Amino acid sequence: MIPFWKVHGIGNDFGLFDAASAPAPTPEQVRSLCDRHRGVGADGVLWLRSDPIRVESATARMWNPDGSESLMCGNGLRCFAAYLL
C-alpha cells in the first residue's frame, strides 16, 4: 500500500503523493484512483517532490482524472502550498 493524503482546494479534491514514498503514477493508476465509484474519487492526482531542508526546491506534477498530465492547476497548486507549509 502506498500512503497518500486526500486534499481539497476550493471545491476540488486531489490524491496527494510524496515522491519519497511513491513512484510517479501511471495513467491507469490515476484513472483508477480518481474513479468515484471504484476508487478513492478525486479531480486529479498531485505527486510532490520536496526537500525538507530546501523547501524552495519543491516541485509538483499533476494528473487529470483521465490520466493525462496537466501543466497547471490552480487549486492543485493551492493544495501543494498547504502541504509544504
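Data block above holds the structure.
Residues numbered from 1 in each chain as written. Predicted model: local features only at pLDDT ≥ 70, side-chain atom pairs only at ≥ 80, totals over all residues. Heavy atoms only, no water.

### A word on the pairing of strand 2 (residues 12-18)
Basically, it comes down to this: Categorising residues by exposure relies on relative accessible area from a 1.4 Å probe, with only protein chains included: less than 20% of the type maximum marks a residue as buried, more than 50% marks it as exposed, and the intermediate range marks it as partly exposed. The way it works is that DSSP assigns letters per residue, a run of H or I at least four long becomes a helix, a run of E at least two long becomes a strand, and they are numbered from the N terminus. The criterion for strand pairing is that DSSP finds at least two bridges linking the strands in question. With the strands aimed away from the viewer, a crossover counts as right-handed if its path from the first strand over the helix to the second runs clockwise.
With respect to burial, strand 2 is a largely interior element, 6 of its 7 residues being buried. Where strand 1 (residues 5-9) and strand 2 come together, 5 bridges link them in antiparallel fashion. Across the sheet, residue histidine 8 finds its bridge partner in strand 2, namely aspartate 13. In this structure, the hairpin formed by strand 1 and strand 2 is closed by a connection of 2 residues, where isoleucine 10 is found at a positive phi of approximately 45°. The pairing of strand 2 with strand 3 (residues 44-49) spans 5 bridges and is classified as parallel. Looking at the pairing, phenylalanine 14 lines up with glycine 44 of strand 3. Assessed by its sense of winding, the connection that carries the chain from strand 2 through helix 1 (residues 27-34) to strand 3 is right-handed.

### Looking at the layout of surface pockets
We count it as follows: Both cavities and pockets are sets of points on a 1 Å grid over the protein atoms alone; in a cavity a 1.4 Å probe fits but cannot get out, in a pocket the set is open with protein on both sides within 12 Å along at least five of seven lines, and lining residues sit with an atom within 4 Å of a point. Grid points are joined across faces, edges and corners, and a volume is the space filled by probe spheres set on the points. For this classification, Asp, Glu, Lys and Arg are treated as charged, while Ala, Val, Leu, Ile, Met, Phe, Trp, Tyr, Cys and Pro are nonpolar and the rest, including Gly, are polar.
In this model, the largest pocket occupies a volume close to 220 Å³. What lines the largest pocket is simply Ile2, Phe4, Phe17, Ala22, Pro23, Pro25, Gln29, Val30, Ser32, Leu33 and Val45. In terms of residue count, the dominant contributor to the lining of the largest pocket is helix 1 (4 residues). Within the lining of the largest pocket, the residues separate by chemical class into 9 nonpolar, 2 polar and no charged.

### Here's the deal with the sheet that holds strand 5 (residues 69-70)
The cut-off we apply is this: When checking whether two residues touch, look at their non-hydrogen atoms; a contact exists if any pair is within 4.5 Å. Here an angle of 0 to 180 degrees is reported between the N-to-C directions of two axes, which are lines fitted to C-alpha atoms, with helices fitted over the stretch in contact.
Reading across the sheet, the 5 strands line up as 1-2-3-4-5 and stay open at both edges, with mixed pairing between neighbours. Looking at the sheet topology across the chains shown, the edges are occupied by strand 1 and strand 5. Alignment of strand 4 (residues 59-63) against strand 5, held across 2 bridges, turns out to be antiparallel. Across the sheet, residue tryptophan 63 finds its bridge partner in strand 5, namely glutamate 69. Contacts from helix 1 reach strand 2, strand 3 and strand 4, with the element oriented near 125° to strand 3. Together, strand 1, strand 2, strand 3 and strand 4 form the strand contacts of helix 2 (residues 74-84), whose direction differs from that of strand 2 by roughly 45°.

By themselves, these observations are geometric and do not establish any function.
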